[in-house]
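Observations on the three-dimensional arrangement
Given next are the chains, with one letter for each unit.
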Amino acid sequence: MPATAITLEDYQKTFLELGLECQALRFGSFKLNSGRQSPYFFNLGLFNSGKLLANLATAYAIAIIQSELKFDVIFGPAYKGIPLAAIVCVKLAEIGGTKFQNVQYAFNRQEVKDHGEGGIIVGACLEDKRVLIIDDVMTAGTAINEAFDIISMAQGRVVGCIIALDRQEIVHESNPERLSATQSVSKRFNVPVLSIVSLAHVVQFMGSKLSPEQKSAIEEYRKAYGV
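Note that the coordinates shown come from a computational prediction; the quantities given were computed from them, not determined experimentally. (Residues numbered from 1 in each chain as written. Predicted model: local features only at pLDDT ≥ 70, side-chain atom pairs only at ≥ 80, totals over all residues. Heavy atoms only, no water.)

It is worth spelling out the overall build of the protein at this point. Secondary structure summary: the protein contains seven helices and eight strands in total. For 227 residues, the compact-globule estimate of 2.2 N^0.38 gives 17 Å, and the C-alpha radius of gyration of the protein, at 18 Å, lies within 12% of that figure. Its C-alpha atoms give the protein principal-axis dimensions of about 55 × 40 × 30 Å. The contacts in the protein between residues at least 6 apart in sequence include a share of 72% that link residues at least 24 apart. Accessible surface, the protein: about 11,500 Å² in total, of which carbon and sulfur atoms supply 50%. Of the charged side chains in the protein, 22 are positive and 23 negative, and the gap between their average positions amounts to 3 Å. (Helix = DSSP H or I, 4+ residues; strand = E, 2+ residues; numbered from the N terminus. Rg over C-alpha atoms; globule rule 2.2 N^0.38 Å. Contact = heavy atoms within 4.5 Å. Areas by Shrake-Rupley, 256 points an atom, 1.4 Å probe, with all protein chains shown as cover. Lys, Arg positive; Asp, Glu negative; His and termini not counted. Charge placed at Lys NZ, Arg CZ, Asp CG, Glu CD.)

Below, the structure is given as C-alpha cells:
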C-alpha cells in the first residue's frame, strides 16, 4: 500500500515536529493494547509542558475551525480528554473569532457523584446541545462509544469527534469491510471523525528521516492492517 503524496499544512508540521521533539511520536517496535506489534508509537500524554500544550491546542483548534463543524460544547472523555477539552475551548476563543467565544466544555467523572451538584457530567449542561467529542487517538473506539452513551443519557447530541492521530488501521482482521476505528465510529453514529493528522501525514512528513528498515516496517504494517 504505497503512500500517496499529500500536502501538510504548517500547523500539522509543527504538531509532528513537536511530537518528535518530546518523543510523543517514536519509531521502533511497540506492542499495542490490541496485541499488534507496531513500527511506531504515539503518546499524546508527552505533550506535557506549557509550550507543547499551547501548540497542541492550536493544532486541534485549527482542524476544528477548518472543518466548519457547528457545535456548542466540547466534551472530553475521562481522563485524557479532560485537559484537551479545556485547552482547546480556550484556544478556540482566542483564535476562532466571535462564533467560538461562547463554546463551552464538559467532561465525565468515572464515578457518579451523589453529593453537591451530583451526576456524572462536570462543566456545561449537555441537554439539547450539539456536542463535539475530543480525544487523543481512536483504536477500538471503545472510549468514544462510551462517550456517545454518556452524552445521550445527558440528552446531548453528538455532531462529530476529533482526535490527534488517525492510525488508519482496521479494528478487526475478520471484518470483511476492513473499517478503521474512525470509519467504524463515523458509520455507526453518522458523524464526521476529524483528526489533526493521519498515518499518511506522518509518513509524508518523515520522508527521508526514516531509515529503509523503518519505511519497510511501516509499509508491511499498513499492508497487514491499513485501510
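Before going further, it helps to spend a moment on helix 2 (residues 50–67). Given 3.6 residues per helical turn, the α-helix brings residues three or four places apart onto the same face. For helix 2, which comprises 18 residues, the first-to-last C-alpha distance of 26 Å matches the rise-based estimate of 26 Å (1.5 Å per residue) to within 8%. Where helix 2 is concerned, the buried positions are Leu 52, Leu 56, Ala 57, Ala 59, Tyr 60, Ala 61, Ala 63 and Ile 64. Here the buried face of helix 2 lies against helix 1 (10–21), helix 3 (81–95), strand 6 (130–134), strand 7 (157–166) and strand 8 (193–198). The positive-phi residue at the C-terminal boundary of helix 2 is Glu 68, with phi of around 60°. (Expected span 1.5 Å × (residues − 1). Buried < 20%, exposed > 50% of the residue type's maximum accessible area, 1.4 Å probe, protein only.)

Aromatic ring pairs are defined here through the distance separating the ring centres and the angle between the ring planes. Evaluated as defined, the whole model comprises seven aromatic pairs. Taken together, the ring pairs in this structure connect Phe 15, Phe 42 and Phe 47 into an aromatic cluster. It is Lys 209 that lies over the ring of Phe 205; its NZ or CZ is 4.6 Å from the centre. (Phe/Tyr/Trp six-rings, centres within 6.5 Å; stacked < 30°, edge-to-face > 60°. Lys NZ or Arg CZ within 6 Å of the ring centre and 35° of its normal.)

Within this structure, the stated rule accounts for nine salt bridges. For Lys 91, the salt bridge identified is with Glu 94, shortest N-O distance 3.1 Å. One end of the pair is Lys 91 and the other is Glu 94, both in helix 3 and three residues apart, which spans about a single turn. Classification of Lys 91 as buried rests on a relative accessible area of 14%. (Salt bridge = Lys/Arg side-chain N within 4 Å of Asp/Glu carboxyl O.)

Orientation of helix 1 relative to helix 2, taken along the N-to-C sense of each, is 150°, at an axis distance of 10 Å. Here helix 1 is positioned roughly antiparallel relative to helix 2, judged by the angle of their axes. For the pair helix 1 and helix 2, the crossing hand works out as left-handed. Residues Tyr 11, Thr 14, Phe 15, Leu 18 and Glu 21 of helix 1 lie in contact with helix 2, whose contacting residues are Lys 51, Leu 52, Asn 55, Leu 56, Ala 59, Ile 62, Ala 63 and Gln 66. Its residues assigned to classes, the contact of helix 1 with helix 2 shows eight nonpolar, three polar and two charged. (Axes fitted to C-alpha atoms, helices over the stretch in contact; angles between N-to-C directions. Parallel < 35°, antiparallel > 145°, perpendicular 65-115°, else oblique. Left-handed = near helix turned anticlockwise from the far one by under 90°. Nonpolar A, V, L, I, M, F, W, Y, C, P; charged D, E, K, R; others polar.)

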